Amino acid sequence: MRLQKTVGFVTFRAMLPRFLPVLALALPLLSAHAETQDTQATAHIFDRIRSDPARLALFMRALPKGGDLHNHLAGAIMAESFLDWAGDDGLCVSLPSGRILPSKCRLATPGDMPATQLKNRQDAREIMIDALSMRDFVPTPADRSGHDHFFSTFGRFAPVLSAHQGAMLAQARDQAAADHVVYLELMISPGLGAMVKAGDQHPLHDLDLDAAHEALRQDTPRLVAEARHDTDEMEHQARDILQCDTPAAHPGCAVTVRYLFQAIRTMTPAEVFAQLDAGYALAHEDPRFVGINFVAPEDDAVAMADYELHMQMFAKMGALYPDVRLSLHAGELTPSLVPASGLQSHIRDAVEIAGADRIGHGVDILWEKDSTRLLGEMAQRHIAVEINLTSNAQILGVSGPSHPFGLYRRAHVPVVLSTDDEGVSRSNLTEAYLQALSATTLSYADLKTLSRNSLTYGFIPGISLWDGDHVITLCKAPQSFACADFLKKSQKARLQLQLEQNFADFENTISHEPLFQ
(Lines give C-alpha, C1' and ligand atoms only; values in the text may rest on other atoms or scores of the structure.)
Protein backbone atom coordinates (compact mmCIF):
# COMPACT_ATOMS: atom_id res chain seq x y z
CA MET A 1 0.00 0.00 0.00
CA ARG A 2 2.85 2.39 0.88
CA LEU A 3 4.45 1.70 -2.51
CA GLN A 4 1.17 2.45 -4.26
CA LYS A 5 0.87 5.75 -2.39
CA THR A 6 4.46 6.67 -3.25
CA VAL A 7 3.99 5.87 -6.92
CA GLY A 8 0.74 7.83 -6.94
CA PHE A 9 2.42 10.86 -5.36
CA VAL A 10 5.32 10.74 -7.82
CA THR A 11 2.86 10.48 -10.74
CA PHE A 12 0.87 13.39 -9.35
CA ARG A 13 3.99 15.56 -8.96
CA ALA A 14 4.90 14.73 -12.55
CA MET A 15 1.48 15.90 -13.71
CA LEU A 16 1.68 19.29 -12.01
CA PRO A 17 3.76 21.00 -14.71
CA ARG A 18 1.09 20.03 -17.23
CA PHE A 19 -1.85 21.25 -15.14
CA LEU A 20 -0.57 24.48 -13.63
CA PRO A 21 0.31 26.46 -16.79
CA VAL A 22 -3.11 25.67 -18.22
CA LEU A 23 -4.72 26.78 -14.97
CA ALA A 24 -2.89 30.08 -15.05
CA LEU A 25 -4.16 30.78 -18.56
CA ALA A 26 -7.68 29.49 -18.21
CA LEU A 27 -8.82 30.41 -14.71
CA PRO A 28 -9.51 34.08 -15.53
CA LEU A 29 -12.12 32.86 -18.02
CA LEU A 30 -13.95 30.56 -15.63
CA SER A 31 -16.41 33.03 -14.18
CA ALA A 32 -19.41 34.17 -16.16
CA HIS A 33 -18.77 37.61 -14.66
CA ALA A 34 -15.06 37.88 -15.57
CA GLU A 35 -14.80 38.35 -19.31
CA THR A 36 -11.49 39.07 -21.00
CA GLN A 37 -11.09 41.69 -23.69
CA ASP A 38 -10.92 38.89 -26.27
CA THR A 39 -14.24 37.49 -24.98
CA GLN A 40 -15.92 40.89 -25.25
CA ALA A 41 -14.47 41.47 -28.71
CA THR A 42 -15.66 38.03 -29.86
CA ALA A 43 -19.16 38.71 -28.56
CA HIS A 44 -19.27 41.98 -30.52
CA ILE A 45 -18.04 40.23 -33.65
CA PHE A 46 -20.71 37.56 -33.28
CA ASP A 47 -23.43 40.21 -33.01
CA ARG A 48 -22.06 41.95 -36.09
CA ILE A 49 -21.80 38.89 -38.34
CA ARG A 50 -24.88 36.92 -37.30
CA SER A 51 -26.71 38.28 -40.36
CA ASP A 52 -23.77 37.42 -42.65
CA PRO A 53 -24.23 33.68 -43.44
CA ALA A 54 -20.76 33.06 -44.86
CA ARG A 55 -18.78 34.62 -42.02
CA LEU A 56 -21.21 33.23 -39.44
CA ALA A 57 -20.63 29.71 -40.80
CA LEU A 58 -16.85 30.14 -40.47
CA PHE A 59 -17.27 31.47 -36.94
CA MET A 60 -19.56 28.63 -35.87
CA ARG A 61 -17.40 25.95 -37.43
CA ALA A 62 -14.43 27.10 -35.33
CA LEU A 63 -16.47 27.53 -32.14
CA PRO A 64 -15.39 25.08 -29.39
CA LYS A 65 -18.38 22.81 -28.79
CA GLY A 66 -17.51 20.73 -25.77
CA GLY A 67 -19.30 17.43 -26.26
CA ASP A 68 -21.83 15.56 -28.37
CA LEU A 69 -24.00 13.55 -25.98
CA HIS A 70 -26.60 12.11 -28.36
CA ASN A 71 -24.90 10.36 -31.25
CA HIS A 72 -25.76 6.90 -32.62
CA LEU A 73 -22.63 5.38 -34.15
CA ALA A 74 -24.61 3.46 -36.80
CA GLY A 75 -26.33 6.66 -37.90
CA ALA A 76 -23.21 8.82 -37.77
CA ILE A 77 -21.67 7.50 -40.99
CA MET A 78 -22.21 8.92 -44.47
CA ALA A 79 -23.86 6.71 -47.10
CA GLU A 80 -20.80 6.96 -49.35
CA SER A 81 -18.75 5.02 -46.80
CA PHE A 82 -21.35 2.28 -46.54
CA LEU A 83 -21.37 1.89 -50.32
CA ASP A 84 -17.57 1.77 -50.48
CA TRP A 85 -17.49 -0.89 -47.77
CA ALA A 86 -20.15 -2.89 -49.59
CA GLY A 87 -17.85 -2.90 -52.61
CA ASP A 88 -14.88 -3.96 -50.48
CA ASP A 89 -16.96 -6.82 -49.05
CA GLY A 90 -18.04 -8.05 -52.47
CA LEU A 91 -21.69 -7.23 -51.83
CA CYS A 92 -24.33 -6.01 -54.22
CA VAL A 93 -26.98 -3.32 -54.08
CA SER A 94 -30.60 -3.27 -55.16
CA LEU A 95 -31.54 -0.03 -56.90
CA PRO A 96 -35.33 -0.66 -56.80
CA SER A 97 -35.34 -1.23 -53.03
CA GLY A 98 -32.45 1.15 -52.31
CA ARG A 99 -30.59 -1.25 -50.06
CA ILE A 100 -27.29 -3.06 -49.70
CA LEU A 101 -27.91 -6.78 -50.12
CA PRO A 102 -26.64 -9.13 -47.40
CA SER A 103 -25.21 -11.68 -49.81
CA LYS A 104 -23.90 -12.02 -53.33
CA CYS A 105 -26.51 -10.73 -55.73
CA ARG A 106 -28.21 -12.61 -58.49
CA LEU A 107 -27.44 -10.47 -61.49
CA ALA A 108 -30.52 -11.82 -63.23
CA THR A 109 -32.63 -9.78 -60.79
CA PRO A 110 -33.45 -6.44 -62.45
CA GLY A 111 -31.83 -3.51 -60.65
CA ASP A 112 -29.25 -5.56 -58.73
CA MET A 113 -25.60 -4.74 -59.35
CA PRO A 114 -22.22 -5.22 -57.65
CA ALA A 115 -21.45 -2.31 -55.34
CA THR A 116 -18.05 -1.97 -57.00
CA GLN A 117 -19.78 -0.80 -60.18
CA LEU A 118 -21.24 2.25 -58.42
CA LYS A 119 -17.93 4.08 -58.91
CA ASN A 120 -18.58 4.04 -62.64
CA ARG A 121 -22.34 4.55 -62.43
CA GLN A 122 -22.93 7.99 -60.93
CA ASP A 123 -26.67 7.79 -61.57
CA ALA A 124 -26.95 4.54 -59.61
CA ARG A 125 -24.67 5.88 -56.84
CA GLU A 126 -26.88 8.95 -56.44
CA ILE A 127 -29.97 6.75 -56.12
CA MET A 128 -28.31 4.70 -53.39
CA ILE A 129 -27.03 7.70 -51.44
CA ASP A 130 -30.53 9.17 -51.38
CA ALA A 131 -31.96 5.83 -50.27
CA LEU A 132 -29.44 5.42 -47.42
CA SER A 133 -29.82 8.95 -46.08
CA MET A 134 -32.03 12.02 -45.92
CA ARG A 135 -30.15 13.75 -48.72
CA ASP A 136 -32.53 15.61 -51.04
CA PHE A 137 -35.52 13.83 -49.51
CA VAL A 138 -38.76 14.90 -51.15
CA PRO A 139 -41.99 13.02 -50.32
CA THR A 140 -43.43 10.91 -53.11
CA PRO A 141 -46.53 8.68 -53.25
CA ALA A 142 -44.28 5.68 -52.61
CA ASP A 143 -42.11 7.38 -49.96
CA ARG A 144 -44.31 9.95 -48.29
CA SER A 145 -42.87 10.31 -44.82
CA GLY A 146 -39.59 11.78 -43.64
CA HIS A 147 -40.14 9.79 -40.44
CA ASP A 148 -40.43 6.47 -42.29
CA HIS A 149 -37.60 7.21 -44.74
CA PHE A 150 -35.27 8.17 -41.89
CA PHE A 151 -35.80 5.02 -39.86
CA SER A 152 -35.80 2.74 -42.92
CA THR A 153 -32.22 3.71 -43.79
CA PHE A 154 -30.78 1.66 -40.94
CA GLY A 155 -32.07 -1.61 -42.36
CA ARG A 156 -30.86 -0.63 -45.81
CA PHE A 157 -27.19 -0.32 -44.81
CA ALA A 158 -27.27 -2.94 -42.01
CA PRO A 159 -25.35 -5.65 -43.98
CA VAL A 160 -22.07 -3.72 -43.73
CA LEU A 161 -22.30 -2.60 -40.10
CA SER A 162 -20.80 -5.54 -38.21
CA ALA A 163 -17.62 -5.79 -40.30
CA HIS A 164 -16.74 -2.09 -40.15
CA GLN A 165 -17.31 -0.97 -36.55
CA GLY A 166 -13.71 0.19 -36.18
CA ALA A 167 -13.83 2.27 -39.35
CA MET A 168 -17.12 3.77 -38.21
CA LEU A 169 -15.66 4.75 -34.85
CA ALA A 170 -12.64 6.30 -36.57
CA GLN A 171 -14.88 8.41 -38.82
CA ALA A 172 -17.06 9.52 -35.91
CA ARG A 173 -14.01 10.63 -33.93
CA ASP A 174 -12.53 12.53 -36.85
CA GLN A 175 -15.87 14.26 -37.50
CA ALA A 176 -16.11 15.23 -33.84
CA ALA A 177 -12.61 16.72 -34.02
CA ALA A 178 -13.59 18.66 -37.16
CA ASP A 179 -16.49 20.16 -35.16
CA HIS A 180 -14.10 21.09 -32.31
CA VAL A 181 -15.62 18.57 -29.92
CA VAL A 182 -13.48 17.28 -27.06
CA TYR A 183 -15.89 14.63 -25.70
CA LEU A 184 -18.10 12.16 -27.55
CA GLU A 185 -20.75 9.88 -26.02
CA LEU A 186 -21.59 7.28 -28.64
CA MET A 187 -24.57 4.93 -28.50
CA ILE A 188 -23.60 1.39 -29.45
CA SER A 189 -25.01 -2.14 -28.94
CA PRO A 190 -22.10 -4.61 -28.72
CA GLY A 191 -23.11 -8.22 -28.17
CA LEU A 192 -26.74 -7.41 -28.88
CA GLY A 193 -27.58 -10.65 -30.68
CA ALA A 194 -26.50 -12.84 -27.79
CA MET A 195 -28.47 -10.70 -25.34
CA VAL A 196 -31.65 -10.99 -27.39
CA LYS A 197 -31.14 -14.76 -27.65
CA ALA A 198 -30.79 -14.97 -23.88
CA GLY A 199 -34.11 -13.17 -23.54
CA ASP A 200 -35.73 -15.72 -25.84
CA GLN A 201 -34.36 -18.51 -23.64
CA HIS A 202 -35.69 -16.94 -20.45
CA PRO A 203 -39.29 -15.77 -21.01
CA LEU A 204 -40.58 -13.02 -18.77
CA HIS A 205 -43.30 -14.95 -16.91
CA ASP A 206 -46.07 -12.77 -15.43
CA LEU A 207 -43.80 -9.75 -15.98
CA ASP A 208 -41.82 -10.80 -12.89
CA LEU A 209 -38.66 -8.70 -13.25
CA ASP A 210 -37.00 -10.14 -10.13
CA ALA A 211 -37.39 -13.69 -11.42
CA ALA A 212 -36.20 -12.67 -14.87
CA HIS A 213 -33.08 -11.08 -13.41
CA GLU A 214 -32.31 -14.23 -11.43
CA ALA A 215 -32.86 -16.41 -14.50
CA LEU A 216 -30.43 -14.29 -16.52
CA ARG A 217 -27.76 -14.20 -13.81
CA GLN A 218 -25.95 -17.27 -15.13
CA ASP A 219 -25.72 -15.71 -18.62
CA THR A 220 -24.58 -12.25 -17.55
CA PRO A 221 -20.78 -12.85 -17.33
CA ARG A 222 -20.73 -14.39 -20.82
CA LEU A 223 -22.87 -11.60 -22.32
CA VAL A 224 -20.76 -8.87 -20.74
CA ALA A 225 -17.54 -10.55 -21.84
CA GLU A 226 -18.77 -10.78 -25.44
CA ALA A 227 -19.82 -7.11 -25.46
CA ARG A 228 -16.46 -6.03 -24.04
CA HIS A 229 -14.61 -8.14 -26.61
CA ASP A 230 -16.58 -6.57 -29.46
CA THR A 231 -15.79 -3.12 -28.09
CA ASP A 232 -12.09 -3.97 -27.75
CA GLU A 233 -11.97 -5.07 -31.38
CA MET A 234 -13.76 -1.92 -32.55
CA GLU A 235 -11.39 0.35 -30.61
CA HIS A 236 -8.24 -1.45 -31.78
CA GLN A 237 -9.34 -1.15 -35.40
CA ALA A 238 -10.20 2.52 -34.96
CA ARG A 239 -6.83 3.34 -33.38
CA ASP A 240 -5.04 1.62 -36.25
CA ILE A 241 -7.04 3.57 -38.83
CA LEU A 242 -6.50 6.85 -36.97
CA GLN A 243 -2.80 6.06 -36.50
CA CYS A 244 -3.00 7.16 -32.87
CA ASP A 245 0.28 7.48 -30.95
CA THR A 246 2.21 8.07 -34.19
CA PRO A 247 3.42 11.28 -35.86
CA ALA A 248 0.61 10.81 -38.43
CA ALA A 249 -2.16 10.64 -35.81
CA HIS A 250 -5.57 11.89 -36.98
CA PRO A 251 -7.27 14.74 -35.09
CA GLY A 252 -9.87 12.22 -33.87
CA CYS A 253 -7.28 10.61 -31.60
CA ALA A 254 -7.56 13.64 -29.30
CA VAL A 255 -11.32 13.23 -28.81
CA THR A 256 -12.28 11.51 -25.57
CA VAL A 257 -14.88 8.81 -26.34
CA ARG A 258 -17.24 7.03 -23.95
CA TYR A 259 -20.26 4.86 -24.71
CA LEU A 260 -23.91 4.48 -23.83
CA PHE A 261 -25.18 0.95 -24.24
CA GLN A 262 -28.33 1.23 -26.35
CA ALA A 263 -31.12 -1.32 -26.02
CA ILE A 264 -33.79 -1.72 -28.70
CA ARG A 265 -37.28 -0.97 -27.43
CA THR A 266 -39.36 -2.64 -30.18
CA MET A 267 -38.76 -6.27 -29.15
CA THR A 268 -40.61 -8.62 -26.80
CA PRO A 269 -40.53 -7.77 -23.08
CA ALA A 270 -38.17 -10.69 -22.39
CA GLU A 271 -35.78 -9.56 -25.14
CA VAL A 272 -35.83 -5.95 -23.97
CA PHE A 273 -35.22 -6.91 -20.35
CA ALA A 274 -32.33 -9.20 -21.27
CA GLN A 275 -30.66 -6.32 -23.11
CA LEU A 276 -31.07 -4.00 -20.14
CA ASP A 277 -29.98 -6.64 -17.64
CA ALA A 278 -26.74 -7.25 -19.54
CA GLY A 279 -26.31 -3.59 -20.51
CA TYR A 280 -26.43 -2.37 -16.92
CA ALA A 281 -23.93 -5.04 -15.87
CA LEU A 282 -21.67 -3.97 -18.75
CA ALA A 283 -21.81 -0.29 -17.75
CA HIS A 284 -21.17 -1.26 -14.12
CA GLU A 285 -18.06 -3.29 -14.99
CA ASP A 286 -16.53 -1.43 -17.95
CA PRO A 287 -15.61 2.23 -17.39
CA ARG A 288 -15.82 2.91 -21.12
CA PHE A 289 -19.60 2.56 -20.81
CA VAL A 290 -20.91 5.51 -18.83
CA GLY A 291 -24.64 4.89 -19.17
CA ILE A 292 -27.66 3.32 -20.86
CA ASN A 293 -30.13 4.50 -23.50
CA PHE A 294 -33.12 3.22 -25.48
CA VAL A 295 -33.50 3.34 -29.26
CA ALA A 296 -35.93 2.70 -32.17
CA PRO A 297 -39.04 4.71 -33.06
CA GLU A 298 -40.89 5.78 -29.93
CA ASP A 299 -44.18 5.75 -31.83
CA ASP A 300 -43.78 2.07 -32.80
CA ALA A 301 -46.80 0.02 -31.68
CA VAL A 302 -44.71 -2.18 -29.37
CA ALA A 303 -42.81 0.78 -27.92
CA MET A 304 -46.06 2.59 -27.17
CA ALA A 305 -47.86 -0.42 -25.70
CA ASP A 306 -44.94 -1.44 -23.45
CA TYR A 307 -43.71 2.04 -22.51
CA GLU A 308 -44.73 1.92 -18.85
CA LEU A 309 -43.32 -1.61 -18.49
CA HIS A 310 -40.05 -0.44 -20.01
CA MET A 311 -39.85 2.42 -17.50
CA GLN A 312 -40.35 -0.11 -14.69
CA MET A 313 -37.51 -2.18 -16.13
CA PHE A 314 -35.21 0.85 -15.96
CA ALA A 315 -36.31 1.51 -12.39
CA LYS A 316 -35.55 -2.09 -11.47
CA MET A 317 -32.10 -2.10 -13.04
CA GLY A 318 -31.31 1.36 -11.72
CA ALA A 319 -31.96 0.12 -8.17
CA LEU A 320 -29.60 -2.82 -8.75
CA TYR A 321 -26.90 -0.63 -10.35
CA PRO A 322 -27.22 2.88 -8.83
CA ASP A 323 -23.83 3.87 -10.28
CA VAL A 324 -25.06 3.50 -13.89
CA ARG A 325 -26.36 6.71 -15.47
CA LEU A 326 -29.46 6.85 -17.67
CA SER A 327 -30.33 8.94 -20.72
CA LEU A 328 -33.68 8.13 -22.31
CA HIS A 329 -35.18 8.85 -25.70
CA ALA A 330 -38.49 10.28 -24.57
CA GLY A 331 -40.97 12.62 -26.22
CA GLU A 332 -39.80 12.10 -29.81
CA LEU A 333 -43.48 12.36 -30.70
CA THR A 334 -46.08 14.74 -32.15
CA PRO A 335 -49.88 14.59 -32.50
CA SER A 336 -49.42 13.50 -36.10
CA LEU A 337 -47.76 10.27 -34.97
CA VAL A 338 -49.78 9.10 -31.96
CA PRO A 339 -53.15 9.86 -30.30
CA ALA A 340 -53.36 12.52 -27.60
CA SER A 341 -53.32 9.82 -24.93
CA GLY A 342 -49.85 8.79 -26.08
CA LEU A 343 -48.41 12.27 -25.57
CA GLN A 344 -49.31 12.81 -21.94
CA SER A 345 -46.58 11.18 -19.88
CA HIS A 346 -43.57 9.79 -21.76
CA ILE A 347 -41.13 12.45 -20.54
CA ARG A 348 -42.65 12.45 -17.05
CA ASP A 349 -42.45 8.64 -16.79
CA ALA A 350 -38.85 8.68 -17.99
CA VAL A 351 -38.03 11.18 -15.24
CA GLU A 352 -40.21 10.00 -12.37
CA ILE A 353 -40.40 6.22 -12.91
CA ALA A 354 -37.22 5.31 -14.78
CA GLY A 355 -35.09 7.96 -13.05
CA ALA A 356 -33.50 9.39 -16.20
CA ASP A 357 -30.57 11.76 -15.70
CA ARG A 358 -31.05 13.20 -19.20
CA ILE A 359 -33.84 13.22 -21.78
CA GLY A 360 -33.20 12.73 -25.49
CA HIS A 361 -35.40 14.84 -27.81
CA GLY A 362 -38.22 15.84 -25.43
CA VAL A 363 -40.23 17.37 -28.29
CA ASP A 364 -43.68 16.45 -26.99
CA ILE A 365 -43.27 18.53 -23.80
CA LEU A 366 -45.96 20.85 -25.19
CA TRP A 367 -48.54 18.05 -24.99
CA GLU A 368 -47.46 16.43 -21.72
CA LYS A 369 -49.99 16.55 -18.90
CA ASP A 370 -49.18 19.42 -16.52
CA SER A 371 -46.11 20.28 -18.58
CA THR A 372 -45.44 23.45 -16.59
CA ARG A 373 -44.90 21.49 -13.40
CA LEU A 374 -42.80 18.93 -15.26
CA LEU A 375 -40.57 21.68 -16.64
CA GLY A 376 -40.13 23.03 -13.13
CA GLU A 377 -39.22 19.59 -11.82
CA MET A 378 -36.66 19.06 -14.57
CA ALA A 379 -35.12 22.46 -13.90
CA GLN A 380 -34.94 21.84 -10.16
CA ARG A 381 -33.39 18.40 -10.61
CA HIS A 382 -31.01 19.60 -13.38
CA ILE A 383 -32.27 16.99 -15.86
CA ALA A 384 -30.76 18.07 -19.16
CA VAL A 385 -32.46 17.70 -22.55
CA GLU A 386 -30.46 16.61 -25.58
CA ILE A 387 -31.79 18.83 -28.37
CA ASN A 388 -31.59 17.29 -31.86
CA LEU A 389 -32.76 20.03 -34.17
CA THR A 390 -31.83 18.39 -37.48
CA SER A 391 -33.51 15.04 -36.94
CA ASN A 392 -36.51 16.66 -35.24
CA ALA A 393 -37.08 18.69 -38.41
CA GLN A 394 -36.60 15.69 -40.69
CA ILE A 395 -38.54 13.09 -38.66
CA LEU A 396 -41.15 15.13 -36.82
CA GLY A 397 -41.45 18.24 -38.97
CA VAL A 398 -40.74 20.42 -35.90
CA SER A 399 -38.25 23.24 -36.44
CA GLY A 400 -37.45 26.90 -35.90
CA PRO A 401 -39.50 28.82 -33.32
CA SER A 402 -41.97 25.90 -33.16
CA HIS A 403 -39.32 23.73 -31.53
CA PRO A 404 -39.48 23.62 -27.69
CA PHE A 405 -35.75 24.39 -27.46
CA GLY A 406 -36.57 27.96 -26.47
CA LEU A 407 -39.26 26.80 -24.03
CA TYR A 408 -36.80 24.61 -22.15
CA ARG A 409 -34.34 27.48 -21.92
CA ARG A 410 -37.03 29.86 -20.67
CA ALA A 411 -37.98 27.30 -18.01
CA HIS A 412 -34.29 27.05 -16.97
CA VAL A 413 -34.08 23.38 -17.94
CA PRO A 414 -30.47 22.60 -18.96
CA VAL A 415 -30.14 21.94 -22.68
CA VAL A 416 -27.36 20.63 -24.89
CA LEU A 417 -27.16 20.48 -28.68
CA SER A 418 -26.38 17.15 -30.31
CA THR A 419 -26.31 15.45 -33.70
CA ASP A 420 -28.44 12.28 -33.24
CA ASP A 421 -27.65 10.58 -36.59
CA GLU A 422 -25.41 13.00 -38.45
CA GLY A 423 -24.62 10.62 -41.31
CA VAL A 424 -28.23 9.78 -42.07
CA SER A 425 -29.20 13.43 -41.63
CA ARG A 426 -26.25 14.69 -43.72
CA SER A 427 -25.46 17.12 -40.94
CA ASN A 428 -22.98 17.77 -38.11
CA LEU A 429 -22.77 19.58 -34.78
CA THR A 430 -21.84 22.88 -36.40
CA GLU A 431 -25.09 22.74 -38.37
CA ALA A 432 -26.96 22.05 -35.12
CA TYR A 433 -25.53 25.23 -33.60
CA LEU A 434 -26.45 27.21 -36.71
CA GLN A 435 -29.99 25.85 -36.58
CA ALA A 436 -30.23 26.84 -32.94
CA LEU A 437 -29.75 30.45 -33.97
CA SER A 438 -32.92 30.21 -36.07
CA ALA A 439 -34.88 28.42 -33.35
CA THR A 440 -34.41 31.10 -30.69
CA THR A 441 -32.40 34.23 -29.93
CA LEU A 442 -28.94 33.34 -28.67
CA SER A 443 -26.02 35.52 -27.63
CA TYR A 444 -22.38 34.54 -27.75
CA ALA A 445 -22.58 33.91 -24.00
CA ASP A 446 -25.51 31.56 -24.66
CA LEU A 447 -23.42 29.61 -27.17
CA LYS A 448 -20.67 29.20 -24.59
CA THR A 449 -23.24 27.98 -22.05
CA LEU A 450 -24.54 25.38 -24.50
CA SER A 451 -21.00 24.18 -25.11
CA ARG A 452 -20.17 24.06 -21.41
CA ASN A 453 -23.44 22.26 -20.64
CA SER A 454 -22.39 19.37 -22.86
CA LEU A 455 -19.53 18.60 -20.49
CA THR A 456 -21.35 19.50 -17.29
CA TYR A 457 -24.18 17.08 -18.10
CA GLY A 458 -22.09 14.46 -19.87
CA PHE A 459 -21.70 11.22 -17.95
CA ILE A 460 -17.97 11.84 -17.55
CA PRO A 461 -16.52 10.54 -14.27
CA GLY A 462 -15.57 13.10 -11.67
CA ILE A 463 -16.82 16.28 -10.06
CA SER A 464 -17.57 19.29 -12.24
CA LEU A 465 -15.15 22.22 -12.34
CA TRP A 466 -18.17 24.50 -12.12
CA ASP A 467 -20.10 25.61 -9.08
CA GLY A 468 -23.06 27.31 -10.70
CA ASP A 469 -21.68 30.11 -12.87
CA HIS A 470 -18.31 30.10 -11.11
CA VAL A 471 -15.32 27.83 -10.80
CA ILE A 472 -15.28 25.74 -7.64
CA THR A 473 -13.55 27.25 -4.60
CA LEU A 474 -10.51 24.97 -4.86
CA CYS A 475 -9.61 26.35 -8.28
CA LYS A 476 -10.12 30.07 -7.70
CA ALA A 477 -6.43 30.54 -6.99
CA PRO A 478 -4.16 30.26 -10.06
CA GLN A 479 -1.50 27.52 -9.86
CA SER A 480 -3.18 26.06 -6.79
CA PHE A 481 -1.78 22.74 -5.58
CA ALA A 482 -5.23 21.83 -4.26
CA CYS A 483 -6.79 22.59 -7.64
CA ALA A 484 -4.23 20.45 -9.45
CA ASP A 485 -5.01 17.60 -7.05
CA PHE A 486 -8.72 18.07 -7.75
CA LEU A 487 -8.12 18.00 -11.52
CA LYS A 488 -6.05 14.84 -11.22
CA LYS A 489 -9.05 13.09 -9.67
CA SER A 490 -11.73 14.42 -12.05
CA GLN A 491 -11.73 13.63 -15.75
CA LYS A 492 -14.82 15.83 -16.13
CA ALA A 493 -12.99 18.83 -14.68
CA ARG A 494 -9.94 18.23 -16.88
CA LEU A 495 -12.10 18.20 -20.02
CA GLN A 496 -13.88 21.34 -18.83
CA LEU A 497 -10.56 23.06 -18.33
CA GLN A 498 -9.49 21.96 -21.81
CA LEU A 499 -12.68 23.50 -23.21
CA GLU A 500 -11.91 26.79 -21.44
CA GLN A 501 -8.44 26.85 -22.96
CA ASN A 502 -9.99 26.13 -26.36
CA PHE A 503 -12.31 29.11 -25.87
CA ALA A 504 -9.36 31.31 -24.92
CA ASP A 505 -7.53 30.29 -28.09
CA PHE A 506 -10.65 30.71 -30.22
CA GLU A 507 -11.43 34.18 -28.87
CA ASN A 508 -7.86 35.34 -29.28
CA THR A 509 -7.88 34.21 -32.91
CA ILE A 510 -11.32 35.59 -33.78
CA SER A 511 -10.77 38.95 -32.13
CA HIS A 512 -7.61 39.53 -34.18
CA GLU A 513 -8.71 38.00 -37.48
CA PRO A 514 -9.11 40.72 -40.17
CA LEU A 515 -11.85 38.72 -41.89
CA PHE A 516 -14.14 39.33 -38.89
CA GLN A 517 -13.32 42.99 -38.34
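Calculation criteria
- Residues numbered from 1 in each chain as written.
- Predicted model: local features only at pLDDT ≥ 70, side-chain atom pairs only at ≥ 80, totals over all residues.
- Heavy atoms only, no water.
- pLDDT = per-residue confidence, 0-100.
- Contact = heavy atoms within 4.5 Å.
- Phe/Tyr/Trp six-rings, centres within 6.5 Å; stacked < 30°, edge-to-face > 60°.
- Helix = DSSP H or I, 4+ residues; strand = E, 2+ residues; numbered from the N terminus.
- Buried < 20%, exposed > 50% of the residue type's maximum accessible area, 1.4 Å probe, protein only.
- Lys NZ or Arg CZ within 6 Å of the ring centre and 35° of its normal.
- Axes fitted to C-alpha atoms, helices over the stretch in contact; angles between N-to-C directions.
- Parallel < 35°, antiparallel > 145°, perpendicular 65-115°, else oblique.
- Nonpolar A, V, L, I, M, F, W, Y, C, P; charged D, E, K, R; others polar.
- Salt bridge = Lys/Arg side-chain N within 4 Å of Asp/Glu carboxyl O.
- 1 Å grid on protein atoms, 1.4 Å probe; cavity = no way out; pocket = protein on both sides within 12 Å on 5 of 7 lines; lining within 4 Å.
- Points joined across faces, edges and corners; volume = space filled by probe spheres on them.

A. The confidence of the model for the protein, seen in detail. For the protein, per-residue confidence averages 92 on the pLDDT scale, and 92% of positions sit at 70 or higher. Across residues 1-13, confidence stays below pLDDT 50; counting only partners more than four residues off in sequence or on other chains, it has 5 contacts.

B. The arrangement of the packing of aromatic side chains in detail. Throughout the structure, instances matching the rule amount to 12 aromatic pairs. On the numbers, 6.3 Å between centres and 80 degrees between planes, the contact of F59 with F516 is edge-to-face. One end of the pair, F59, is in helix 3 (residues 53-62); the other, F516, is in the segment after helix 22 (491-512), with 457 residues separating them in the sequence. Note on accessibility: F59 and F516 belong to one class, buried. The ring centre of F503 lies 5.0 Å from the NZ or CZ of K448, which sits over that ring.

C. Broad picture of the packing of helix 21 (residues 481-489) against helix 22. Direction vectors running N to C along helix 21 and helix 22 enclose 110 degrees, while the axes themselves pass 5 Å from each other. Between helix 21 and helix 22, the interaxial angle falls into the category roughly perpendicular. Contacts between helix 21 and helix 22 involve F486, L487, K488 and K489 on the former and, on the latter, Q491, A493, R494 and L497. Here the contact of helix 21 with helix 22 is composed, by residue class, of 4 nonpolar, 1 polar and 3 charged.

D. Up close: helix 16 (residues 389-396). Counting buried residues along helix 16, 6 of its 8 residues qualify, which places the element largely inside the surrounding structure. Residues of helix 16 that are buried: L389, T390, S391, N392, I395 and L396. Just downstream of helix 16 lies G397, where phi reads positive at about 70 degrees.

E. Representation of the pattern of salt bridges. Applying the stated criterion across every chain, the model contains 27 salt bridges. One salt bridge in this structure joins E386 and R358, with 2.6 Å as the shortest N-O distance. With E386 in strand 10 (residues 384-387) and R358 in strand 9 (residues 358-361), this pair connects stretches of sequence that are 28 residues apart. Accessibility classification places E386 together with R358 in one group, the buried group. Across the pair E507 and K448 runs a salt bridge whose closest N-O atoms are separated by 2.9 Å.

F. The arrangement of empty space enclosed by the protein in detail. Going through the model one piece at a time under the given rule, you end up with 2 cavities of 30 Å³ or more. Roughly 40 Å³ of internal volume is contained in the largest cavity. Every residue along the wall of the largest cavity is listed here: D68, N71, A172, Q175, A176, D179, V181, L184, T419, E422 and L429. Those elements giving two or more residues to the lining of the largest cavity turn out to be strand 1 (66-72), helix 7 (165-178) and strand 5 (181-188). Tallying contributions element by element places helix 7 first for the lining of the largest cavity, with 3 residues. Within the lining of the largest cavity, the residues separate by chemical class into 5 nonpolar, 3 polar and 3 charged. Looking at the second largest cavity, its volume works out to about 40 Å³. Around the second largest cavity, the lining residues are L83, D84, G87, A115, T116, L118, K119 and R125. Here the lining of the second largest cavity takes 3 residues from helix 4 (residues 79-88), the largest share from any one element. A class-by-class count of the residues in the lining of the second largest cavity yields 3 nonpolar, 2 polar and 3 charged.

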